[in-house]
Amino acid sequence: MSRVVLTVAYDGSAYVGWQCQPNGVSVQQRLEEAITELSGDFHRVHSSGRTDAGVHARGMVCHFDTDSTLPVKAWRDGLNSRLPADIAVQHARVVSADFHARYSASGKLYRYQILAAAVRSPLDRCQSWHIKKTLDLEAMKSAADFFVGEHDFSAFRTTGCAAKTTRRTIVKVDINYQQDLIVVDVEGTGFLKNMVRMMVGTLVDVGLHKRPPEDVAHLLHRPGDVKPALTAPAHGLCLVEVFY
């Protein structure tokens, strides 16, 4: 028995999310179908986490156990020949049996893209949140600093989050401007459901001068005193990397 680890990239636009669901096609479903077709046997794939409908990934990590004797290169190239154009295996490797894509992970890097322009971009429409108004980047950066460190992020999760604790550690929140694109990188040891999207939504409110930067601190320490965080659209979010 071998444990194979895959790093998968995908455009999440057409999927109900990573995880298999009864209400539509998921990325996991398409990957498991390709593995079954390639190997002749069904394999359950275990991921480093879940992404919601419309969310993308450059570096989703997952693993499965197999009795197949296929070489590592065959797992990458063979699966890619069977996967749709919006999903691709970037890397494949064999690891020890004590590795787990989720439980061995030490952190993740997410990237959120905001198109700050008067006119929409047809080429960026599926990977960025279009905001026509000018955003105050300095105010957003001041607000972002409050996220860094270990905090109670209960104000930054949506209904249905099954996490046992809402305390999470954010390593960094970097905001950079690339032409018309504002890129927000969020690195942390773990995340709650919709946490990054709610963080970005709050930063955008700050950038639009709808709330002061200090509201982030209030949401982390006195969430009942200020209005809840805004949830940014899913299609602007991408899982960039999982750390081990």
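Look up: the structure comes first, before these words.
A short tour of the structure in this document, coming up. This is a predicted model, so every value here is computed, not measured.

So, how was this worked out
- Residues numbered from 1 in each chain as written.
- Predicted model: local features only at pLDDT ≥ 70, side-chain atom pairs only at ≥ 80, totals over all residues.
- Heavy atoms only, no water.
- Buried < 20%, exposed > 50% of the residue type's maximum accessible area, 1.4 Å probe, protein only.
- Helix = DSSP H or I, 4+ residues; strand = E, 2+ residues; numbered from the N terminus.
- Arc of directions from axis to C-beta.
- Contact = heavy atoms within 4.5 Å.
- 1 Å grid on protein atoms, 1.4 Å probe; cavity = no way out; pocket = protein on both sides within 12 Å on 5 of 7 lines; lining within 4 Å.
- Points joined across faces, edges and corners; volume = space filled by probe spheres on them.
- Nonpolar A, V, L, I, M, F, W, Y, C, P; charged D, E, K, R; others polar.
- Axes fitted to C-alpha atoms, helices over the stretch in contact; angles between N-to-C directions.
- Parallel < 35°, antiparallel > 145°, perpendicular 65-115°, else oblique.
- Left-handed = near helix turned anticlockwise from the far one by under 90°.

1. Observations regarding helix α2 (residues 72-80)
So, step 1. Inspection of α2 places Trp75, Gly78 and Leu79 among the buried residues, and these make up the whole buried set. One face of α2 carries all of its buried residues, which in axial projection span an arc of 95°.
So, step 2. Each element contacted by the buried residues of α2 is listed here: β1 (2-10), α1 (27-39), β3 (56-66) and β4 (87-95).

2. Considerations on the layout of surface pockets
So, step 1. Of the pockets and cavities examined, the largest pocket occupies roughly 1,300 Å³.
So, step 2. Gly49, Arg50, Arg102, Lys108 and Phe191 are, among the 39 residues lining the largest pocket, the residues nearest its centre.
So, step 3. Put simply, the parts of the chain that give the lining of the largest pocket at least two residues each are β2 (46-47), β5 (107-116) and α4 (195-207).
So, step 4. Among the residues forming the lining of the largest pocket, the class breakdown is 16 nonpolar, 16 polar and seven charged.
So, step 5. In this model, the second largest pocket occupies a volume close to 240 Å³.
So, step 6. Lining of the second largest pocket is provided by 16 residues; of these, His56, Arg58, Gln113, Gln127 and Cys238 occupy positions nearest its centre.

3. Describing the packing of helix α3 (residues 137-145) against α4
So, step 1. One can describe the packing of α3 onto α4 by two numbers: an axis separation of 8 Å at closest approach and a directional angle of 140°. In terms of their interaxial angle, α3 and α4 are classed as oblique. Crossing handedness for the pair α3 and α4: right-handed. Where α3 abuts α4, its residues Ala139, Met140, Ala143 and Ala144 lie against Leu203, Val204, Val206 and Gly207.
So, step 2. Among the residues making up the contact of α3 with α4, the classes are represented as seven nonpolar, one polar and no charged.

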